[in-house]
Structure formats: C-alpha cells, structure tokens
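Chain by chain, the residues:
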Amino acid sequence: MKDMSVLQLLPYVLVLTISFAWPIAESTTGRATIRADLTHVDSGRGFTKRELLRRMAARSRARLDSRWSPPGRGGNAHAVTVPEARGTTGKYDSDSEYLVHFGIGTPHPQRVALTLDTGSDLIWTQCSCVVCFDQPFPSLDTTASDTLRGLSCFDPLCRRGGLPLYGCSAKDNLCFYVYSYGDNSVTTGKIIEDTFTFQAPNDKRGTVTAVPNLRFGCGQYNTGLFGSNESGIAGFGRGPLSLPSQLKVGRFSHCFTTIVESKTSAVFLGTPDNLEAQATGPIQSTPFVRLPAGATSPLYFLSLKGITVGKTRLPFDASTFALKGGSISGTIIDSGTGMTTFPEAVFRSIWKAFVSQVPLPVEEVGKLLCFSTSPKKKVPAVPKLILHLEGADWDLQREDYVLDIDDEDGTGGGLCLVIGSSGESSNMTVIGNFQQQNMHIVYDLEANKMVFVPARCDKL
C-alpha cells in the first residue's frame, strides 16, 4: 500500500464530515484497576538473537529519526528495512515493540492488538476501513457493538484533548481527527467511545474487567509505517486522551520479559500496592522532570545526572542530558523504543570505556559495539553500566544491556552492547525497553515520579 501524506488525506477528511453517524454519548468512566497481557512484536517468530538485534536496532533508529530528530533528518530521512521472517527482509514492524491485547464492544468484545506507546496520547484502532494497512485479524466492526457511541465535536475532549487536527462533521456534529506521527504515518477517522474488556489470557484467575465509555479513534484512513501484527496504537502519555488518563488511575506500570524468551509481559493500570512481589532487588524512585510553564508533552522526562561504566564515571554532567527549551533534548523513558540511545559524544565515550575494560576482539555490527568470543575460552565479566538518576542509581542487570550471540555453525559467537547513538546533531537520550527488561517500572502520576524495582516479570 502506498504511503499518503496529511495533504493527500484531506479529500478523505472531507468525506468524514458528511458520513459515519453514531449516537452521541455523555457518560464518563470511573477509576479502574486492570491487568492486561503484552507480547513483543518479535515473540515466537523464530528469529535468531542476531536477527533480533538487527531488527531492534532498525526499529529504534526509525523511531528516533521519525519522532525526535532535528529538522531535516526526521520523517523519511532514510528507508528502514528489517528481517520480516527467517531469510527475508521487508519494511515491517518499524515502529512496534510491545502489543497490549484487549477487546472492544458488547455483547461480544472484538479483538484489538495495540502498540503500547508512552510517547503519544491517542488510543486508536482500525475500523470501518477505507484505506488501511494489513492486520492479521478483522478490523473493528462498529455495527456489531450495542454500546458504541460517537463523540460530539463540542465535547471538551475533542476540542482540548490535544488532537493536532480535529473538526465537526457537517451531518451529525461528531468529532473527526487527523493524527500524524513524525515518520509521516497518519490515522484519520472519528473519535468514538465503547466498552473495553481486559482479560489476561495467562491470568490463572481468569480475571475479566469491562470499562465502559472509553474514547478512542476509529481509524478509517491509516497509512505509513505501521506494523504487520498490530491494529493500532494505545497512547500511554500524559495527555487527556491516553488510556491512563481516561481510566483516571493514579499509577500504571509494566514489567517486560526478555525478548529472547518469548514470554508474556504484563501492564497494570492501577498498579498493585505490593511491589515486593517477585522483586529481585531494591525499590527505588526518581522524579519526573516538570516541564516549563505553558509547555505540554506526552513524554516522561527523567533527570539523568551521569553514567558509570565499570569503575569509570564518564566525563558528562547533568547538563548533557537535561531538557533545554526550544530544542530536541532531555532524557525520556520510552516503551516504544527498543534500545537506549545517547547523544553521539556520550555514545562514543561509552564505547571507548567498554573497549578499554573488555579483553576481547572488537567487532562492529551495524554500528553497535560487539566483542568476539570463542567456545573454548571463558567469557570475561562485562563491566557494570549504571545510570545515575536524581535520587537513584539504576544499576542495569547484564541482560539489560548485553546480548550474547552464538554463531549458527557453532564455531563461536560474541556479545553485543545494546546501546546506540542518537546521532551527531541530537541532544536526546532515550531509555528504551531492552534496558527495562525484568524491571517493574511504575509511572506514579499522582506523585510525579517513576518507581522501579528488578523483578521476575514472567511471574507477575
């Protein structure tokens, strides 16, 4: 399917103003405590560790270029291709990481699989498709739900919910939207509301939670770099349209299992109070950075003070990682980016520190630092990697920054540092989900802080 820009979609926007009428809803949701299952985009697809690394690096680069690069390098600065299946490559899954699974509508909830994205606000899924990307199961059928309602364009959530482009349909005064991402991916449709049903398939208790009147985008014109196994995106950002905001939860959390194990992960909306459950280390917290007066962003910024590799504190202070007004900068934690990326100078300093402390031959794999190993020799210990945050030291577990790779012929292998560069012209630091593996990450919205604790995520 050919990609379409926002301007190319304008004729379809005009169509939306005279069609697709639904009853207008007025009720709102209450507080909820919910658990849902997450699956990684590459889970169970038979990729080798080397292929997993290449795919993750490609997706991370695509997301960085499309969303947080300086003008002139973003958008479609370069095409990204990643292995689609064993022995093939394709332009797929370039912005998908963890998918959250639930149902929409009554009396029979219809399946959706949405990318969990802490970097955006809008929840949307494909429905009543006119121009849509392929997905592995039917798109949402709006005629099959007894509880689906349209949202008035005069509703505050339509007019002040952070939609970049919205309006009223001429026929029924319902809210239509155009929501674009930095890579020129676009979803266009109506804002509607319906009941979301969450049932974690791996929850032995069989817990089911149904929440009525949640607002989301019915994406009817969707083009761009969307994945081959998702049906849309679930925004978990700070804005009023995000899922945590609509559920009115004071906290939410996720616990990602390692990508090499293909085990189910968990997301909690209304985090359980007992964070010590399945914990393997101390509970720490660090405040989210408050934005300047008048500024808005869906992103979760952290105050990174410095980095230590082994026994070496790198020569960068907090100003290197700080949010600076009028520029693409700062440090964020992001569920939708695979590997952590640092400004080029910081990345090169990390590279040199590891090379000086790891007594193995260096091998560069796709701009990533790797070391060659031999099956006949003991692999030396890898230096610690510590992120010094305000009020907390994030001592990363080895599996959260190193990936061991075996050659398929059994002659040897290597280990790779799963850390990338944001580029020469970027001041952005993005803490990706590989570094968050087996770590229970809590977004405490009421206290404006992030709580984190090492945990057995597959046991939660």
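Quick notes on the rules
Residues numbered from 1 in each chain as written. Predicted model: local features only at pLDDT ≥ 70, side-chain atom pairs only at ≥ 80, totals over all residues. Heavy atoms only, no water. Helix = DSSP H or I, 4+ residues; strand = E, 2+ residues; numbered from the N terminus. Buried < 20%, exposed > 50% of the residue type's maximum accessible area, 1.4 Å probe, protein only. Contact = heavy atoms within 4.5 Å. Areas by Shrake-Rupley, 256 points an atom, 1.4 Å probe, with all protein chains shown as cover. Salt bridge = Lys/Arg side-chain N within 4 Å of Asp/Glu carboxyl O. Pairing = 2+ DSSP bridges. Axes fitted to C-alpha atoms, helices over the stretch in contact; angles between N-to-C directions. Polar contact = N/O pair within 3.5 Å; in protein donor to acceptor, adjacent residues only side chain to side chain. Core = buried A, V, L, I, M, F, W, Y, C linked by side-chain atoms within 4.5 Å. Phe/Tyr/Trp six-rings, centres within 6.5 Å; stacked < 30°, edge-to-face > 60°.

Colleague: For this particular structure, what's the right way to read the overall build of the protein chain?
Modeller: Helices and strands together make up the secondary structure of the protein chain, namely five helices and 28 strands. Taken across its 460 residues, the protein chain has 58% of its residues classed as buried. The contacts of the protein chain with a sequence gap of at least 6 include a subset with a gap of at least 24, amounting to 72%. When the accessible area of the protein chain is evaluated, it comes to approximately 18,600 Å², of which 52% is carbon and sulfur surface.

Colleague: I tried to follow the pattern of salt bridges on my own but got confused; where do I start?
Modeller: If the charged atoms of two oppositely charged side chains come close together, the side chains can form a pair. Under the criterion given, the structure shown has 14 salt bridges. Note that Asp117 is salt-bridged to Arg63, the shortest N-O span being 2.5 Å. Of this pair, Asp117 sits in strand E3 (residues 110-117) while Arg63 sits in helix H2 (residues 49-67); the two residues are 54 residues apart in sequence, bridging distant segments of the chain. The exposure classification of Asp117 matches that of Arg63, with both residues buried. When the shortest N-O distance is used, the salt bridge between Arg398 and Asp404 registers 2.8 Å. For Arg398, a relative accessible area of 34% puts it in the partly exposed group. Asp404 gets classed as partly exposed once you look at its relative accessible area, which sits at 30%.

Colleague: Just to check I follow, could you spell out the sheet that holds strand E22 (residues 392-395) for this structure?
Modeller: An order of E16-E15-E21-E22 is seen for the four strands of this open sheet, with the pairing classed as antiparallel. One side of each edge strand has no neighbouring strand; the edge strands of this open sheet are strand E16 (312-313) and E22. Note: strand E21 (residues 385-389) against E22, four bridges, orientation antiparallel. Along E22, the bridge assignment pairs His388 with Asp393. The strands touched by helix H5 (residues 344-357) within the sheet are strand E15 (304-309), E16 and E21, with E15 carrying the most contacts at an inclination of about 25 degrees.

Colleague: Just checking my understanding: could you explain the environment of Ser372 for this structure?
Modeller: Looking at where Ser372 falls in the secondary structure, it is placed in strand E20 (residues 368-373). For the pair Ser372 and Ile405, spaced 33 residues apart in sequence, the C-alpha to C-alpha distance is 9.3 Å. Setting aside anything within four residues of it in sequence, one finds Ser372 in contact with Leu360, Pro361, Glu363, Gly413 and Gly414. Side-chain polar atoms of Ser372 contact the side chain of Glu363, separated by 3.4 Å.

Colleague: Got a minute to help me understand the nonpolar core in this structure?
Modeller: A general trend in soluble globular proteins is that nonpolar side chains are found buried together. Membership of the largest hydrophobic core comes to 84 residues, with the highest contact counts inside it found for Phe354 and Trp394. Of all the elements, H5 adds the most residues to this core, at six residues. Ignoring anything within four residues of it in the chain, the contact list for Trp394 reads Ile333, Leu385, Ile386, Leu387, Leu389, Ile431, Gln435, Gln436, Met439, Ile441, Met450 and Phe452. The next biggest cluster of nonpolar side chains, apart from the first, holds 16 residues, and it includes Leu122, Cys158, Leu163 and Ile233.

Colleague: Quick question: what am I supposed to make of the sheet that holds strand E23 (residues 402-406) here?
Modeller: In any sheet, the strands associate via hydrogen bonds between backbone groups, in a parallel or an antiparallel arrangement. Reading across the sheet, the four strands line up as E19-E20-E24-E23 and stay open at both edges, with antiparallel pairing between neighbours. The open sheet is flanked by strand E19 (362-365) and E23, the only strands paired with a single partner. Between one strand axis and the next, the sheet turns by 30 degrees as a mean value, whatever way the strands run. The strands touched by H5 within the sheet are E19, E20 and strand E24 (413-417), with E20 carrying the most contacts at an inclination of about 15 degrees.

Colleague: Help me understand the environment of Ser60 in this model?
Modeller: Secondary-structure assignment places Ser60 in helix H2. Along the backbone, Ser60 and Ser422 are 362 residues apart, and their C-alpha atoms lie at a distance of 9.7 Å. For Ser60, the residues in contact, after removing those within four places along its chain, are Thr337, Gly338 and Met339. At 3.0 Å, the side chain of Ser60 forms a polar contact with the backbone nitrogen of Met339.

Colleague: It is not clear to me how the packing of aromatic side chains should be interpreted in this structure. Could you clarify?
Modeller: Any pair of aromatic rings gets described here by the distance separating the centres and the angle formed by the planes. As enumerated under the stated definition, the model contains 15 aromatic pairs in all. Judged by centre distance (5.4 Å) and plane angle (65 degrees), the ring pair of Phe236 and Phe252 falls under edge-to-face. With Phe236 in the loop between strand E10 (232-235) and helix H4 (243-247) and Phe252 in strand E11 (residues 251-255), this pair connects stretches of sequence that are 16 residues apart. Taking the relative accessible area as the measure of exposure, Phe236 reaches 0% and is therefore buried. Given a relative accessible area of 0%, Phe252 falls into the buried group. With 5.8 Å between their ring centres and 80 degrees between their planes, Phe347 and Trp351 make a pair best called edge-to-face. Note that Phe347 and Trp351 are positioned in helix H5 at a spacing of four residues, about one turn of the helix.

Colleague: Hey, could you run me through the pairing of strand E9 (residues 208-223) in this one?
Modeller: Counted residue by residue, E9 has 13 buried out of 16 residues, so it is predominantly covered. Examined bridge by bridge, strand E8 (residues 186-199) and E9 share 13 bridges and lie antiparallel to one another. Bridge pairing in E9 links Thr197 to Ala210.

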